[in-house]
Amino acid sequence: MFPTLQIGPLALQTPGLLLLIGVYLGLSLTERYALRCKMKADPLYGLFFLVAAFGLIGARLSFAVQNIALFRSTPLAFISLDPYLLDPWGGFAAGLLAGWVYGKRKKIAFLPTLDAYTPALAVFAIALGLAHLASGHAFGAPTSLPWGMELWGVRRHPSQVYETIAASATLFIVWRQSRKNLPAGALFLQFVAFSAGGRLFLEAFRGDSVLVFGTVRMAQGIAWLIMACAMILLEIIKERSDPNRIVPKQMNG
Amino acid sequence: MQPIPRRIFLFGLLFLGLAWIFISRPTPGSVTNGLIPAPATGFLAPDFELETLDGQVVKLSDLRGRVVLVNFWASWCPPCKAEMPAIQLVYDDYRARGFVVLAVNATNQDSREKAQAFLAENHLSFPVPLDVLGETTLRYKVSSFPTSFLIAPDGIIREVVVGGPMAEAALRARVEKLLEELP
């Protein structure tokens, strides 16, 4: 666990640093993918930074609207770096809207764009696992296995290491698949299905699961649903792009 | 692979997923539920008993049922000093509703006199327990100053804020949310 990196008087938050490195490496990989697919990388970068900027502004605005009294007394808090003063759903909505408008204006195709960002998402998932390892979050359930690690007073499953390995395997699969001639959207859906499947399996070794109905891990239920949706959509996309598909003739009169 | 066998395979996979959810149900004790004391979000706040600057003895577990901010600081740390006035303002506004501040001074890395002088200069009135031996700072795995732990009425750590200074609005929002849990 390395939650902070002390450089002189400066205490850098290691998890945040790892996530930033993940974004940088992920976008670099997305650029390589885009060049291979003869896509322009600039609009992809533009879209990312626009969504990120509007997401942040939207998240802060949404939080401020919901807590107007707090900002009335300390208006400077509006530019505070504290992530607590962000509303994730407001940020998500604002980022999505900004991305949609930008995509319409620049005539960016939706599904190929999702595919282009898939390598970035896969790299980011690895960075997230490492960030969890650095912060001690997403910790494992107690275990007596020899590879267990001491964390928060108990020998635990190294769930953050499992998470990082699973994300690395997903990146390997996604990168190999990206060389194939897949229908638009298929690469992204494969990534979603693999990631959800990984979470469904690995959540069983976590020690911080939120339980529903007494003993069911909520994250497993959500991961199963996401995996099922991704697999169904993947089937639909594959079927539609099948050259041997028989299209029913339209009946006249 | 033919379409039908592939679909059977996918349905099988989904069925296996459901079976895994059932098989991997947590056994008692495998999920924290806040029972283990550890200095992390979701865990029971490790207990400590320290003497304050004004000679009182404060024990964290005695404050169960109240919202507690445990803030680790030192007088040589600029961000610690910068966030103190905001903590005082929030403390003044919410102490009547059950909000407690324990500004633990890392006295083993600081000095009692310097801490006292800083508090007097800035008219800070919240309790300042002195961690003379550094045991509490160590138990809370404080790696940089300031580090704050927000503890809910049930004694569970709800948030750990490493670094600072914390914005007043952010602290107010955090405290208000936790105070809503009080009966």
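Note that the structure is predicted; figures quoted are calculated from it, not measured.

1. Some details on the overall build of chain B
- Scanning chain B from N- to C-terminus turns up 5 helices and 6 strands.
- The C-alpha atoms of chain B give a radius of gyration of 22 Å, which is well past the 16 Å a tight globule of 183 residues would have.
- Its C-alpha atoms give chain B principal-axis dimensions of about 80 × 35 × 30 Å.
- Counting only residues that meet the buried cut, chain B has 53% of its 183 residues in that class.
- Counting only contacts in chain B whose residues sit at least 6 apart along the sequence, the fraction spanning at least 24 positions is 71%.

2. Here's the deal with the nonpolar core
- Formed by 49 residues in total, the largest nonpolar core has its most connected members in Leu60, Val70, Trp73, Phe99 and Phe126 of chain B.
- Elements with a minimum of two residues in this core: strand S3 (67-73), helix H2 (78-94), strand S4 (99-105), helix H3 (112-121), strand S5 (147-151), strand S6 (157-162) and helix H5 (168-179) of chain B.
- In contact with Leu60 of chain B, other than residues within four places in its own chain, are Ala45, Pro46, Asp47, Phe48, Val68, Val70, Leu102, Tyr140 and Ile151 of chain B.
- Within the second largest apolar cluster, 35 residues are counted, among which are Ala167, Ala193, Leu200 and Met231 of chain A.

3. Notes on empty space enclosed by the protein
Residue and element names in this part refer to chain B.
- Following the criterion strictly, the structure yields 2 cavities of 30 Å³ or more and no others.
- Space inside the largest cavity adds up to approximately 90 Å³.
- Along the walls of the largest cavity sit Ala45, Asp47, Leu60, Ser61, Leu63, Arg64, Arg66, Val68, Ile151, Ala152 and Gly155, which together make up its complete lining.
- A breakdown of the residues in the lining of the largest cavity according to their chemical character gives 6 nonpolar, 2 polar and 3 charged.

4. A look at the sheet that holds S6 of chain B
All names here are of chain B.
- Pairing is mixed in the open sheet, where 4 strands are placed in the order S4-S3-S5-S6. Taken across any chain shown, the strands that pair with only one partner, and hence form the sheet edges, are S4 and S6. For this sheet the average axis-to-axis angle between neighbouring strands, irrespective of direction, equals 15°.
- Bridging between S3 and S4 involves 7 bridges; their strand directions are parallel. Following the sheet pairing, Val68 is matched in S4 by Val100.

5. Notes on the packing of aromatic side chains
- Applying the stated criterion to the full structure yields 17 aromatic pairs over all chains.
- For the ring pair Phe63 of chain A and Tyr84 of chain A, a centre distance of 6.4 Å and an interplane angle of 70° mean the geometry is edge-to-face. Of this pair, Phe63 of chain A sits in helix H2 (residues 41-66) while Tyr84 of chain A sits in the loop between helix H3 (68-73) and helix H4 (88-105), and the two are 21 residues apart along the sequence.
- Residue classification places Phe63 of chain A among the buried residues on the basis of a relative accessible area of 10%.
- Taken together, the ring pairs connect Phe63, Phe71, Phe78 and Tyr84 of chain A into an aromatic cluster.
- Over the ring of Phe22 of chain B we find Arg25 of chain B; its NZ or CZ atom is 4.1 Å from the centre of that ring.

6. Some remarks on helix H1 (residues 14-36) of chain A
Residues and elements named next belong to chain A.
- Between its first and last C-alpha, H1 extends 33 Å over 23 residues, near the 33 Å set by a 1.5 Å rise per residue.
- Taken together, the buried positions of H1 are Thr14, Pro15, Gly22, Gly26, Leu27, Leu29, Thr30, Tyr33 and Ala34.
- Among the structural elements, strand S1 (4-7), strand S2 (10-13), H2, helix H5 (110-135), helix H6 (159-177) and helix H7 (186-202) are those in contact with the buried residues of H1.
- Positive phi shows up at Lys38, right after H1, with a value of about 60°.

7. Brief notes about the pattern of salt bridges
- With the rule as written, the count across this model stands at 11 salt bridges over all chains.
- Across the salt bridge formed by Glu203 of chain A and Arg199 of chain A, the nearest N and O atoms sit 2.8 Å from each other.
- You can call Glu203 of chain A buried: its relative accessible area is 2%.
- In this structure, Glu239 of chain A engages Arg7 of chain B in a salt bridge whose closest nitrogen and oxygen atoms are separated by 2.4 Å.

8. Section: a nonpolar patch on the surface
All names here are of chain A.
- On the surface, a cluster of nonpolar side chains totalling about 660 Å² of accessible area is made up of Leu5, Ile7, Leu10, Leu17, Ile21, Tyr24 and Leu25.
- For the nonpolar patch, the secondary structure elements donating two or more residues are S1 and H1.
- Looking at which element gives the most residues to the nonpolar patch, the answer is H1, with 4 residues.
- Locating Leu25 in the fold gives a position in helix H1.
- Overall, Leu25 belongs to the partly exposed group, its relative accessible area being 44%.

Reading guide: rules and limits
Residues numbered from 1 in each chain as written. Chains lettered and ligands numbered in written order. Predicted model: local features only at pLDDT ≥ 70, side-chain atom pairs only at ≥ 80, totals over all residues. Heavy atoms only, no water. Helix = DSSP H or I, 4+ residues; strand = E, 2+ residues; numbered from the N terminus. Rg over C-alpha atoms; globule rule 2.2 N^0.38 Å. Buried < 20%, exposed > 50% of the residue type's maximum accessible area, 1.4 Å probe, protein only. Contact = heavy atoms within 4.5 Å. Core = buried A, V, L, I, M, F, W, Y, C linked by side-chain atoms within 4.5 Å. 1 Å grid on protein atoms, 1.4 Å probe; cavity = no way out; pocket = protein on both sides within 12 Å on 5 of 7 lines; lining within 4 Å. Points joined across faces, edges and corners; volume = space filled by probe spheres on them. Nonpolar A, V, L, I, M, F, W, Y, C, P; charged D, E, K, R; others polar. Pairing = 2+ DSSP bridges. Axes fitted to C-alpha atoms, helices over the stretch in contact; angles between N-to-C directions. Phe/Tyr/Trp six-rings, centres within 6.5 Å; stacked < 30°, edge-to-face > 60°. Lys NZ or Arg CZ within 6 Å of the ring centre and 35° of its normal. Expected span 1.5 Å × (residues − 1). Salt bridge = Lys/Arg side-chain N within 4 Å of Asp/Glu carboxyl O. Patch = residues over 30% accessible without salt bridge, like charges linked within 9 Å, V, L, I, M, F, W, Y side chains within 5 Å. Areas by Shrake-Rupley, 256 points an atom, 1.4 Å probe, with all protein chains shown as cover.

Function-wise, these values are silent; they only describe arrangement.
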